[in-house]
Amino acid sequence: MPISSKFRERIQGFLETGERIRYAFPAEILGSISPGVVVVVTQQSITVLSTGIFNRNKPKGVLAKSPRGVRLGPVDTNAAAWFTFNGVHYEVDDEYVPVVNAADAELGSPDQVPQDPLPEL
């Protein structure tokens, strides 16, 4: 389910002035008693916002923030889709796997490019 424009407005209030939302998607912290979060990717940072247990449409506060140069993935899709970010395991619905991959692809990370099979040439 896409994140509504109203929810994006609420998210914006937790970001630094001038930060623009590039990607935002819901996730759950595996093994947490308060698992609901929203991961927000801007050009400057990756921010994880907590949400309410019963109302996942209201961000409550910032749980973690990292510089944008950090990758979210890779996403493990063997059982449920999940990834580890800053040592925390997050589960996402399958529909958000392409969003995580797109956010990482923007970094132009060298490990996303196939290695040269003949580097000596």
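Everything numeric in this text was worked out from a predicted model, so none of it was measured.

Asker: Explain the sheet that holds strand S4 (residues 59-67) to me, please; I cannot follow it from the model alone.
Answerer: As a general point, the strands of a sheet are linked pairwise by backbone hydrogen bonds and lie either parallel or antiparallel. Reading across from one edge, S4-S3-S2-S1-S6-S5 is the order of the 6 strands in this open sheet, with antiparallel pairing throughout. Here the strands that pair on one side only, and so sit at the sheet edges, are S4 and strand S5 (82-85). For this sheet the average axis-to-axis angle between neighbouring strands, irrespective of direction, equals 35 degrees. When strand S3 (residues 45-51) meets S4, the two strands line up antiparallel, connected through 7 bridges. Along S4, the bridge assignment pairs Ile46 with Ser66. Across the sheet, helix H1 (residues 5-12) is in contact with strand S1 (21-29), strand S2 (36-42), S3 and S4; its angle to S1 comes to roughly 90 degrees. The sheet strands contacting helix H2 (residues 97-105) are S1, S2 and S5, and the helix crosses S1 at an angle near 130 degrees.

Asker: What is the right way to read the side chain of Arg68 from this model?
Answerer: Residue position: Arg68 is located in the loop between S4 and S5. Taking relative accessible area as the criterion, Arg68 reaches 8% and is therefore assigned buried. Here Arg68 is in contact with Val41, Thr42, Gln43, Gln44, Ser45, Ile46, Ala103, Glu106 and Leu107, once residues within four sequence places are set aside.

Asker: It is not clear to me how the packing of aromatic side chains should be interpreted in this structure. Could you clarify?
Answerer: Two descriptors summarise a pair of aromatic rings, namely the distance from one centre to the other and the angle between the planes of the rings. With the rule as written, the count across this model stands at 3 aromatic pairs. Plain terms: the ring middles of Phe25 and Tyr96 are 6.4 Å apart, the flat faces sit at 25 degrees to each other, and that makes the pair stacked. Of this pair, Phe25 sits in strand S1 while Tyr96 sits in the loop between strand S6 (88-91) and H2, placing them 71 residues apart in sequence. With respect to class, Phe25 is no different from Tyr96; both count as buried. Pairwise contacts between aromatic rings join Phe25, Phe83, Tyr90 and Tyr96 into one cluster.

Asker: Would you mind going over the pattern of salt bridges with me for this structure?
Answerer: Pairing of side chains with opposite charge becomes possible as their charged atoms draw close. In the structure shown here, the tally under the stated rule is 5 salt bridges. Residue Arg68 pairs with Glu106 through a salt bridge whose shortest N-O separation is 3.6 Å. Taken as a pair, Arg68 in the loop between S4 and S5 and Glu106 in the segment after H2 lie far apart in primary sequence, 38 residues in all. Judged by its relative accessible area of 35%, Glu106 falls in the partly exposed class. With a closest N to O distance of 3.7 Å, Asp104 and Arg71 form a salt bridge. Here Arg71 lies in the loop between S4 and S5 and Asp104 lies in helix H2, a separation of 33 residues in the sequence.

Asker: It is not clear to me how the nonpolar core should be interpreted in this structure. Could you clarify?
Answerer: Generally speaking, a soluble globular protein has its nonpolar side chains buried in company with each other. In terms of nonpolar packing, the biggest core is built from 20 residues, with Phe25, Val39, Leu72, Phe83, Phe85, Tyr90 and Val92 touching the most fellow members. Going through the elements one at a time, S1, S2, S3, S5 and H2 are the ones with two or more residues in this core. Those residues in contact with Val92, other than ones at most four positions away along the chain, are Phe25, Pro26, Ala27, Ala81, Phe83 and Val97.

How each quantity is defined
- Residues numbered from 1 in each chain as written.
- Predicted model: local features only at pLDDT ≥ 70, side-chain atom pairs only at ≥ 80, totals over all residues.
- Heavy atoms only, no water.
- Pairing = 2+ DSSP bridges.
- Helix = DSSP H or I, 4+ residues; strand = E, 2+ residues; numbered from the N terminus.
- Axes fitted to C-alpha atoms, helices over the stretch in contact; angles between N-to-C directions.
- Contact = heavy atoms within 4.5 Å.
- Buried < 20%, exposed > 50% of the residue type's maximum accessible area, 1.4 Å probe, protein only.
- Phe/Tyr/Trp six-rings, centres within 6.5 Å; stacked < 30°, edge-to-face > 60°.
- Salt bridge = Lys/Arg side-chain N within 4 Å of Asp/Glu carboxyl O.
- Core = buried A, V, L, I, M, F, W, Y, C linked by side-chain atoms within 4.5 Å.

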